[in-house]
Amino acid sequence: MEFDWNICPRPERCTLQLRALYEQAGYRKYRCARFEEYALYQQNENFLPDARVITFTDLDGKLRAIRPDVTLSIAKNAQPAPGECKKYYYIEQVCRPSRESRTFQEISQMGLEALGAVGPAQQAEVVTLAARSLAALGTNTVLELGHMGYLTGLLDALAVPPALRPALLALLRDRNAHELRARAAAAGLGEAAADALCGLLTLHGPFGAVLARARALDPTPAQAAALEELQALQNELGEAGRGARLDLSLAGDMEYYNGLVFSGYAAGAPRPLLKGGRYDLLARRFTPGACALGFALYLDELDRLPDPAGAEADGRWLNIALPKGRLGDKSYGLLAGAGYGASENYNDTRKLVVENPEARVRYFLVKPSDVAIYVEHGAADIGIVGKDILEESGADVYELMDTGLGRCRMCVAGPKDFADDESRALRVATKFVNIARAHFEAKGRDIDIIQLNGSIELAPILGLSDVIVDIVETGTTLRENDLAVLEEFLPISARFIANRAAYKFKYHQITELLGKIGAALAPAGK
């Protein structure tokens, strides 16, 4: 009698299927200890997703930590002999801080690791298993690959200072071309360098086509070597690589990954379900000369996958989150002018969702501070939101365009005759707590933050604070209250953002809309 996998919940069904898949490929199950000595994580914190871990003093007096990562434990204990490749898979819980809940949470992971003598055949095997893992989810999926060697080869050729590289990689990860260009110019890299960096964002699509385009760009020796490795991988994969995409802007952590990197997406999931890559640098901290490659599948995300039929139907619509108020009116006007108007005027209805069935767009009208949340969590595919809200929330989204709407700036303001007393903490009143903290931390200034939700300018007038951090448009309110801008540090305008997974599955719809918006903005010189 053949077992019917469909009677199991999706995470359980996938776990059983993948366990059989990995064992058939020769991977042995690895069982991690729930606790590790804290020193392991302290000494290797650059290889952790987040350096914050839960620690406790055990009964033997040793400081231990609840495990935040599986790969680090496997790398420490595998110890492959020269010429040997050890292959493990695991089903484990890790404990990591959640940005959203601001608490630690348990995350269920299933993954595999190959350590030791990892050559082209082993690399192809791991990528094949990653592709087959996604296929087991029973829905539309995408496996996207990149290579850190291609990125670092370009950064080396452009003589990008090491201190600047993490910021540039972060902008590449966010597909933020406008700020990438501005940051390159501010660092004195030149227009040609800015063009080369922004050009990385165009190198994505079908594997073979992107390889051909990258070869035609006169790559550096390091980039050429990365492209040759990717070509060899494609040859090894054969049919198993059909449908895989190449994105040469795909960036992992430079201190962790040193070669191939890849991510897996499923239709309806708001973020990558699978992440992996080559991490020789970590493996060699425990076994000299060793190589390592692996990936993790996030099982908790599987419960969020929609029914395949529902996902296919929704895939024909573009869901857009717009902020209520003036910015929303301007944003809707821009979209309507580009041919994406709704069938009814959203200002004349109390509906929270309005549609244009012909253009296949659906608008959600939400509070300005919630736009990025709707997009990050996949309730909306795209949205238009102020840069202030984007920075304050830290939303994990693509920032695809600066529309130029609602231009203003984030400033430090205070009394006209203000003189900073550096012998004590500076009292700062603001509703932008995270922005203010990051700004003054970068300057090395100790502050006490007073969080307010309105009438921020009143705080220094009444002596509640020394200064404020707030948005300034014309400065009229400041002048009428004998206050002045002391420092401008962040330009603000409305940004076009996209959910990371939706961008993979609705790429043509999103880029077509972006192109029309760009054309609509061009005559106005925005």
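This report concerns the structure included in the present document. (Residues numbered from 1 in each chain as written. Predicted model: local features only at pLDDT ≥ 70, side-chain atom pairs only at ≥ 80, totals over all residues. Heavy atoms only, no water.)

**Focus on the nonpolar core**
Here is the rule: What makes a nonpolar core is a set of buried Ala, Val, Leu, Ile, Met, Phe, Trp, Tyr and Cys residues whose side-chain atoms join them at distances within 4.5 Å. Each residue is assigned to one of three classes by its accessible area relative to the maximum for its type, calculated with a 1.4 Å probe on protein chains only: buried under 20%, partly exposed between the two thresholds, exposed over 50%. Should any heavy atoms of two residues lie within 4.5 Å, those residues are considered in contact.
Tyr-22, Tyr-27, Leu-145, Leu-248, Phe-262 and Phe-295 are the most contacted members of the largest nonpolar core, which has 69 residues in total. Among residues more than four places away in sequence, those in contact with Leu-145 are Val-127, Phe-207, Leu-233, Ala-244, Arg-245, Leu-246, Asp-247, Leu-250, Leu-260, Val-261 and Phe-262. In terms of nonpolar packing, the next biggest core, distinct from the first, is built from 30 residues, Leu-322, Leu-334, Leu-365 and Tyr-503 among them.

**Details of the pattern of salt bridges**
Where we set the bar: By definition here, a salt bridge exists when the distance from a side-chain nitrogen of Lys or Arg to a carboxyl oxygen of Asp or Glu is within 4 Å. Counting from the N terminus, the helices are DSSP H or I runs at least four residues long and the strands are E runs at least two residues long.
Applying the stated criterion across every chain, the model contains 40 salt bridges. Here Glu-391 makes a salt bridge to Lys-387, at a shortest N to O gap of 3.1 Å. Taken as a pair, Glu-391 and Lys-387 lie in helix α15 (residues 387-393) at a separation of 4 residues, close to a single helical turn. Taking the relative accessible area as the measure of exposure, Lys-387 reaches 3% and is therefore buried. A salt bridge links Lys-516 to Glu-512; the nearest nitrogen and oxygen atoms lie 3.4 Å apart. On the criterion of helical spacing, the pair formed by Lys-516 and Glu-512 is a turn pair, its members being 4 residues apart in helix α20 (residues 507-521). Residues joined by salt bridges that share partners form a network here, namely Glu-179, Lys-387, Glu-391, Glu-399, Asp-402, Arg-407 and Arg-495.

**Focus: helix α16 (residues 433-443)**
We count it as follows: In this context, the arc is that of the directions from the helix axis out to the C-beta atoms.
Along α16, the residues that are buried comprise Val-433, Ile-435, Ala-436, His-439 and Phe-440. The arc enclosing the buried residues of α16, seen along the axis, measures out at 170 degrees, which places them on a common side. Exposed residues lying more than 90 degrees from the buried face of α16 are Glu-441 and Ala-442. Packing partners of the buried residues in α16 comprise α15, β18 (408-415), β19 (426-430), β20 (447-451), β21 (467-472) and β22 (483-492). Among the residues trailing α16, Gly-444 stands out with phi positive, at a value near 75 degrees.

**Brief notes about helix α4 (residues 120-135)**
Here is the rule we go by: An expected span of 1.5 Å times one less than the residue number is assigned to each helix.
Here α4 contains 16 residues, and its C-alpha end-to-end distance of 22 Å stays within 8% of the 22 Å for a straight helix at 1.5 Å per residue. Along α4, the residues classified as buried are Gln-123, Ala-124, Val-126, Val-127, Thr-128, Leu-129, Ala-130, Ser-133 and Leu-134.

**Concerning the side chain of Arg-96**
Under the convention used in this document: Each polar contact in these results corresponds to two N or O atoms within 3.5 Å; when the atoms are within protein, one needs to be able to donate a hydrogen and the other to accept it, and residues that are neighboring in sequence are counted only if both atoms are side-chain atoms.
Tracing the backbone shows Arg-96 in strand β5 (residues 85-97). Judged by its relative accessible area of 12%, Arg-96 falls in the buried class. One polar contact links the side chain of Arg-96 to the main-chain carbonyl oxygen of Pro-68, over a distance of 2.8 Å. Setting aside residues no more than four positions away along its own chain, Arg-96 makes contact with Pro-49, Pro-68, Asp-69, Thr-103, Phe-104, Gln-105, Ile-107, Gln-109 and Tyr-298.

**A few points about a nonpolar patch on the surface**
Counted only if it meets this: What goes into a patch is any residue over 30% in relative accessible area without a salt bridge, connected to like charges within 9 Å or, for nonpolar side chains (Val, Leu, Ile, Met, Phe, Trp, Tyr), within 5 Å. Here, Shrake-Rupley sampling with a 1.4 Å probe gives the accessible areas, and only protein chains in the shown set may cover a residue.
A cluster of nonpolar side chains, contributed by Leu-458, Ile-461 and Leu-462, occupies part of the molecular surface with about 300 Å² of accessible area. On the accessibility criterion, Leu-458 (43% relative accessible area) is partly exposed.

**Some remarks on the sheet that holds strand β3 (residues 55-57)**
Short version of the rule: Here a strand pair is declared whenever DSSP counts at least two bridges between the two strands. The axes are straight lines fitted to the C-alpha atoms, using for helices just the contacting stretch, and the angles between their N-to-C directions are given from 0 to 180°.
Ordered by their spatial adjacency, 3 strands build an open sheet running β2-β4-β3, and the pairing between neighbours is antiparallel. Strands with a single pairing partner mark the edges of an open sheet, and in this sheet they are β2 (35-37) and β3. Sheet twist, expressed as the average angle between the axes of neighbouring strands with direction ignored, equals 40 degrees. For β3 and strand β4 (residues 63-66), the ladder comprises 3 bridges, and the chain directions are antiparallel. Across the sheet, Thr-55 pairs through a bridge with Ala-65, a residue of β4.

**What about the pairing of strand β15 (residues 361-366)?**
In terms of burial, β15 is largely enclosed, as 6 of its 6 residues are buried. Judged by which residues are buried, β15 turns out to be covered on both faces: Val-361, Tyr-363 and Leu-365 on one side and Arg-362, Phe-364 and Val-366 on the other are all buried. Pairing between strand β13 (residues 318-323) and β15: 6 bridges, direction parallel. Each bridged residue has a counterpart across the sheet, and for Pro-323 the counterpart in β15 is Val-366. Sheet analysis places strand β14 (residues 353-356) next to β15, joined by 4 bridges and oriented antiparallel. By the bridge assignment for β15, Val-353 is matched with Phe-364.

**Quick word on the sheet that holds β19**
With mixed pairing, 5 strands are arranged side by side in an open sheet as β20-β19-β21-β18-β22. In the strand order of this sheet, the two ends are held by β20 and β22, each with one partner. When strand polarity is set aside, the average angle formed by the axes of neighbouring strands in this sheet is 30 degrees. Bridge count for β19 against β20 is 5 bridges, and the pairing is parallel. Residue pairing across strands places Arg-427 opposite Asp-448, the latter belonging to β20. Lying over the sheet, α16 contacts β18, β19, β20, β21 and β22, oriented at roughly 170 degrees with respect to β20.

**Here's the deal with the side chain of Asn-44**
As for its position among the elements, Asn-44 is in the loop between α2 (38-43) and β3. Looking at Asn-44, the relative accessible area reads 4%, which means it is buried. Residues within four places of Asn-44 in sequence aside, it is in contact with Leu-72, Arg-285 and Phe-286.

**A word on the pairing of β19**
Rules: With strands facing away from the observer, any crossover in which the path from the first strand over the helix to the second runs clockwise is taken as right-handed.
Buried residues dominate β19, accounting for 4 of its 5 residues. Tracing the backbone out of β19, into α16 and back to the parallel element β20 gives a crossover that is right-handed. Bridge analysis of β19 against β21 gives 3 bridges, and the strand direction is parallel. Residue pairing for β21: Val-428 is matched across the bridge by Val-467.

Spatial relationships are all this shows, so hold off on functional conclusions.
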